[in-house]
Amino acid sequence: MVGAMAEASNPFHDALRFERRVPPCAIVIFGANGDLTKRKLIPALYRLAYERRMPSGYVIYGNSRTEMPDDVYRAKMKESVKQFLEDSPFDEELWSQFAQSLYYVAGDVQDTAFYSKLAGRLKEHDQKTAGNMLFYLSTQPSHYEPIVGGLGAAGLNQGPGWRRVVVEKPFGIDMATAKALNRRLQAVFPESAIYRIDHYLGKETVQNVLAVRFANGIFEPLWNRRYVNNVQITAAESIGVEGRGAYYQESGALRDMIQNHLLQVMATIAMEPSAAFEPNAVRDERAKLLRSIRILKEEEIATHAVPGQYGPGSMGGKPIPGFRQEPGVNPEAQTDTYVAATFFIDNWRWAGVPFYIRTGKRLPKRVTDIAIQFNAAPLSLFERDNMGGNQHLARPNLLIIRVQPEEGISLRFLSKNPGGGMKLRPVSMDFNYGSSFGVRTPTAYETLLVDALAGDATLYTRQDMVEASWAVVQPILDYWNSHKFEFPNYEAGTWGPRQSDEMLDRRGHLWRVP
Amino acid sequence: MSAAVSPEGILKELSQLWVSLGKEDDAGVLRACAMTLIMAADESEDSAIAGEMLAELIHEHPSRAIVLRVRSGEGAALESRVLAQCWMPFGKRQQICCEQVEITSSETSLAEVRRVLMALLAPDLPVLLVCRSLRLFLLEAFRPLIAAAGKVIADSRGAADPVMVLAAIASHRGEGRNVQDLAWTRLTGIRQEIAAHFDRPEEAARLSSVRRVEITHATGPVPAEALYLAAWLRHAAGPQVVPSFAAAEGPPVSQVAFLGDGVEIRIPFAAAIAAPRDCELLHEELGLAAPDSIYDRVLAGALSLA
Ligand SMILES: NC(=O)c1ccc[n+]([C@@H]2O[C@H](COP(=O)([O-])OP(=O)(O)OC[C@H]3O[C@@H](n4cnc5c(N)ncnc54)[C@H](OP(=O)(O)O)[C@@H]3O)[C@@H](O)[C@H]2O)c1
């Protein structure tokens, strides 16, 4: 066996200087003809090869139903890499080497005979891959169970070598289906081999939240109910459903963004420090935090969670259709393309601090950030008029963690205007990830893929975390499913429905304009 | 070039530089600085070398770079000039720029250089000193500059008397200074290959029978790289392993053989591993903030071998 255990017992290992070694392995992507594979997975694997972070021996197998020889698949993926590689040049020579390890095997994942064919193909590479295998489920979720069942029946879930399975979201469409999926996955693979991917956790800035909080002594003392007034998490998209209307109308923003990504982000912001930076210790703290989020009672939902759906509007001078006018969408659809919610965390650190989360499509711009609004100074020495007019808008005392598009951290505080008199003005102190490190930051998929290959599950979600976040979201879903809303309730290109502003206004707060 | 060098003058030139850079580019430029990086070299070294190295290094380690060029002998006046190194990251529309100061001095003016440098350090950020010249590194008058840096990177490669250089490094480290030798960094790839070899359980099992390691090094005196490698192999594999050395044309270390009862494991190193570029080595060192405790033991071991 080559891997973490061998490293630990090898007297020549030098943890300080040696790069983390990724053991040789085979990567099998199900859904290899799909959107995620071409936009994210293959470009990420290519980039890892470019940075020499792929193992010494590896093969990548793509599977979907469409028949095509290896060369046709390679040519297709080459075009995708050229098109979707982020902030990185394309190297023809490296591609030729990479493509030699890229294969394609056609087959229907519902067909049980397919798995013995796959096992046969993988066996041919055992010498090179040491029998290690990573299975990546990038198909429609309805295929997860047959794939995992097929792998189990063909004995591909057990070594020689390690076996891991990466599962794409959604992990179920509600609590019951999430539990059922977990049961079926765990019937074939042990929990330690199941890597549920939440690409938000792979984003460099989200990981940096832990570094900022726990590596510096200056933030943590303020990181609690005594000093924090409220927290706002925004994940705004300017695009609509981009031809995926039929899929999206079944899912909606609450399932698509809040249940997974944004609750994980909230957990990262609010969790307690773990005793060690070690996969289960970090995940235990995240899970604990998710379990501490107060579950809304039915009578609280209308005032704590606002659904929205965009109607026609205009962006950049161009008319934009409403959600119900998008292709494949039911003209009566009750889908939430926007959600704003107020959550509270029932623990000593956060009791009483509102965490406002909002996400939506067709908002004015693409931006994801987290804003920690600190309390105002207890006694103001300065006249209100001198504080940049409206105190709300002035927004000093604000720490903003920018996740995208420009990753970084800004601190806003009040400063004196140059010149006579004591006129104050909010100013911003900015840390920009790109300029401080000067290097390209890896995409979330690069980070997460290399972690899975190295057997590091820190940034992956565990069953208990998935279920804890469903427990938060389920009552809202149930309530919304049993009510009819007056949709659309916001215009494309605006910051969401009026009710969302009212929700904050009731606590004397105001959404930031990110 | 200004004849009389005052730190205030240089700082003023730097701020004027930023103003003019800002005006040149519509998108403005991003000013990046995560450390002060001093690169000291003999004036006789081709001046393009340090500049090219910095241009490559600052992409990943943006810094206020200070190139110090020292000529041997007398001469009181310092000379300086300021410039910016800018680049456009792939796929971005805004340039990132780092500032660079070049100072030329004579050996006898090093005390004055130190005074100027102290005023030029970027506030509150780490100070790294790369010493490209062994002559400077061993110079008594250079010691105060070494003491001013948080980390000093020297290079014992090609030293006529490597042991003397190692002893000087050990003496600095003994006084609590973080002085690192690129000859040790040069071994990371080699060490990694050796470690990867013994990741295989069947090979790891043979290790207990190894009694001797033979290191093939470049012709001439046993280089620091070979001494370090021998000391590291003993440190990792145990004191029963006795090192021996053989010379052959090629890089500082080209092969290692593990020998013992019924055991003969030969690991040759490809050129890319055995002779990495200086920039790659500096990149590794600039990225390492934690103390290297293995190096401490290896340095002591190498000196005891010599
Ligand atoms: N796209 C994204 O940006 C994104 C982001 C986050 C998560 N995800 C998740 O990632 C997964 C994949 O998404 P996607 O957008 O890539 O889906 P997709 O475009 O629909 O791709 C799935 C691929 O699976 C293949 N396929 C369908 N039925 C099959 C069968 N019975 N047997 C074998 N192959 C079959 C299809 O190719 P053939 O027609 O050739 O069989 C299809 O191209 C989903 O779970 C999604 O929720 C996607």
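Computed from a predicted model, the values in this text were never measured in an experiment.

Criteria and thresholds
- Residues numbered from 1 in each chain as written.
- Chains lettered and ligands numbered in written order.
- Predicted model: local features only at pLDDT ≥ 70, side-chain atom pairs only at ≥ 80, totals over all residues.
- Heavy atoms only, no water.
- Helix = DSSP H or I, 4+ residues; strand = E, 2+ residues; numbered from the N terminus.
- Rg over C-alpha atoms; globule rule 2.2 N^0.38 Å.
- Contact = heavy atoms within 4.5 Å.
- Core = buried A, V, L, I, M, F, W, Y, C linked by side-chain atoms within 4.5 Å.
- Buried < 20%, exposed > 50% of the residue type's maximum accessible area, 1.4 Å probe, protein only.
- Buried area = accessible area lost by both parts, 1.4 Å probe.
- Salt bridge = Lys/Arg side-chain N within 4 Å of Asp/Glu carboxyl O.
- Polar contact = N/O pair within 3.5 Å; in protein donor to acceptor, adjacent residues only side chain to side chain.
- Near = heavy atom within 4 Å.
- Areas by Shrake-Rupley, 256 points an atom, 1.4 Å probe, with all protein chains shown as cover.
- Nonpolar A, V, L, I, M, F, W, Y, C, P; charged D, E, K, R; others polar.
- Expected span 1.5 Å × (residues − 1).
- pLDDT = per-residue confidence, 0-100.
- Pairing = 2+ DSSP bridges.
- Axes fitted to C-alpha atoms, helices over the stretch in contact; angles between N-to-C directions.
- Phe/Tyr/Trp six-rings, centres within 6.5 Å; stacked < 30°, edge-to-face > 60°.
- Domains from an automatic or database assignment.

## A look at the overall build of chain A
What chain A contains, in helices and strands, is 17 helices and 18 strands. Scaling as 2.2 N^0.38, a compact globule of 514 residues should have a C-alpha radius of gyration of about 24 Å, and chain A matches this with 24 Å. Each principal axis of the C-alpha distribution contributes one length, and for chain A these read about 75 × 60 × 45 Å. Taking the contacts inside chain A whose residues are at least 6 apart along the sequence as the reference set, 77% of them involve residues at least 24 apart.

## Comments concerning the nonpolar core
Residues and elements named next belong to chain A. Phe30, Ile42, Phe135, Leu263, Phe343, Phe355 and Ile370 are the most contacted members of the largest nonpolar core, which has 151 residues in total. With 12 residues, the single largest contributor to this core is helix H10 (residues 245-270). With sequence-adjacent residues up to four places away left out, Ile370 is seen in contact with Val209, Val231, Gln232, Ile233, Val265, Ile269, Leu399, Ile400, Ile401 and Val403.

## Some points on the interface of chain B and chain A
Listed per partner, the contact involves 37 residues of chain B and 24 residues of chain A. Across the interface of chain B and chain A, roughly 2300 Å² is buried in total on both sides, 60% from carbon and sulfur atoms. When the buried area of chain B at its contact with chain A is split by residue, B:Phe90, B:Gln192 and B:Asp199 rank highest and sum to 26% of it. On inspection of chain B and its partner chain A, the count reaches 4 salt bridges. A salt bridge links B:Glu284 to A:Arg17, with the nearest nitrogen and oxygen atoms 2.8 Å apart. Inspection of the chain B/chain A interface yields 5 residue pairs in polar contact (both at pLDDT 80 or more). For the side of chain B that touches chain A, the secondary structure elements donating two or more residues are strand S1 (29-31), helix H7 (182-185), helix H8 (188-197), helix H10 (224-237) and helix H12 (278-286) of chain B. Ranked by residue count, the leading element in the side of chain B that touches chain A is H8(B), at 6 residues.

## A few points about the site of the ligand
Residue and element names in this part refer to chain A. Taken together, 22 residues surround the ligand, and among them Asp35, Leu36, Arg39, Arg65 and Thr66 come closest. One of the side-chain N or O atoms of Asn33 is found 2.9 Å from an oxygen atom in the ligand. At 2.8 Å from a nitrogen atom of the ligand is found a side-chain nitrogen or oxygen belonging to Asp35. In the complex, the protein chains occlude 84% of the 880 Å² of accessible area that the ligand would expose alone. Sorting the residues of the shell around the ligand by element identifies helix H2 (35-50) and strand S2 (58-64) as the ones contributing at least two each. Take the shell around the ligand: its biggest share by element is 3 residues, from H2. Classifying every residue of the shell around the ligand gives 5 nonpolar, 10 polar and 7 charged.

## Here we look at helix H11 (residues 279-292) of chain A
Residues and elements named next belong to chain A. The terminal C-alpha atoms of H11, which comprises 14 residues, lie 20 Å apart, in line with the 20 Å expected from a rise of 1.5 Å per residue. Restricting attention to buried positions, one finds in H11 the residues Ala281, Val282, Arg283, Glu285, Arg286, Ala287, Leu289, Leu290 and Ser292. Packed against the buried residues of H11 are helix H9 (204-215), H10 and helix H16 (463-481).

## Describing the confidence of the model for chain A
Residues and elements named next belong to chain A. For chain A, the mean per-residue pLDDT works out to 91, and 94% of the residues sit at or above 70. Throughout residues 1-6 the model reports pLDDT below 50, and contacts reaching past four residues in sequence, or to other chains, amount to 6 contacts. Here residues 389-394 is modelled with pLDDT under 50, and outside its nearest four sequence neighbours on either side it reaches 9 contacts, counting other chains as well.

## Side note on the sheet that holds strand S5 (residues 163-167) of chain A
Across a sheet, strands are paired by hydrogen bonds formed along the backbone, either parallel or antiparallel in direction. All names here are of chain A. With respect to topology, 6 strands assemble into an open sheet ordered S3-S2-S1-S4-S5-S6, the strand pairing being parallel. Each edge of the sheet is formed by a strand with only one pairing partner; in this case those strands are strand S3 (102-106) and strand S6 (194-196). Within the sheet, the average angular offset between the axes of one strand and its neighbour, ignoring direction, is 20 degrees. Relative to S5, strand S4 (residues 133-137) is paired through 5 bridges, and the arrangement is parallel. By the bridge assignment, Leu137 is partnered in S5 with Val167. Sheet contacts for helix H5 (residues 113-123): strand S1 (25-30), S2, S3 and S4; angle to S3, the most-contacted strand, approximately 160 degrees.

## Observations concerning the packing of aromatic side chains
What the rule picks out here adds up to 28 aromatic pairs over all chains. Ring centres of A:Phe12 and B:Trp232 lie 5.4 Å apart, and the angle between their planes is 55 degrees; this geometry places the pair in the tilted category. With A:Phe12 in the loop between helix H1 (4-9) and S1 and B:Trp232 in helix H10, this residue pair bridges two chains. Of the residues examined, A:Phe12 reaches a relative accessible area of 0% and is grouped as buried. With a centroid separation of 6.0 Å and an interplanar angle of 70 degrees, the aromatic rings of B:Trp184 and B:Tyr228 are classed as edge-to-face. Note that B:Trp184 is positioned in helix H7 and B:Tyr228 in helix H10, a separation of 44 residues in sequence.

## A closer look at the domain arrangement of chain B
Per the domain assignment, the segments making up chain B are domain 1 (7-149) and domain 2 (188-280 + 293-305). For domain 1 of chain B and domain 2 of chain B, the distance between their C-alpha centroids amounts to 36 Å.

## A short note on unusual backbone geometry
Residues A:Lys169 and A:Pro170 are joined by a peptide bond in cis, for which omega reads 0 degrees. Relative to the helices and strands, A:Pro170 resides in the loop between S5 and helix H8 (175-188). Following A:Gln404, the chain continues into A:Pro405 via a peptide bond in cis, with omega recorded as 5 degrees. Summarising the element assignment, A:Pro405 is placed in the loop between strand S15 (398-404) and strand S16 (408-416). Despite not being glycine, A:Arg52 has its phi angle at roughly 55 degrees, a positive value. Here A:Arg52 shows up in the loop between H2 and S2. A:Arg52 gets classed as exposed once you look at its relative accessible area, which sits at 74%. For B:Asp124, which is not glycine, the phi dihedral falls at a positive 60 degrees. Judged by its relative accessible area of 81%, B:Asp124 falls in the exposed class.

## Thoughts on the pattern of salt bridges
Across all of its chains, the model carries 48 salt bridges over all chains by this definition. Note that A:Arg47 and A:Glu51 form a salt bridge whose closest N and O atoms lie 2.7 Å from each other. The partner of B:Glu43 in a salt bridge is B:Arg71, and the shortest N-O contact between them spans 3.9 Å. Residue B:Glu43 is found in the loop between strand S2 (36-42) and helix H2 (47-57), and its partner B:Arg71 is found in strand S3 (residues 64-71); the two are separated by 28 residues along the sequence. The class for B:Glu43 is partly exposed, based on a relative accessible area of 33%.

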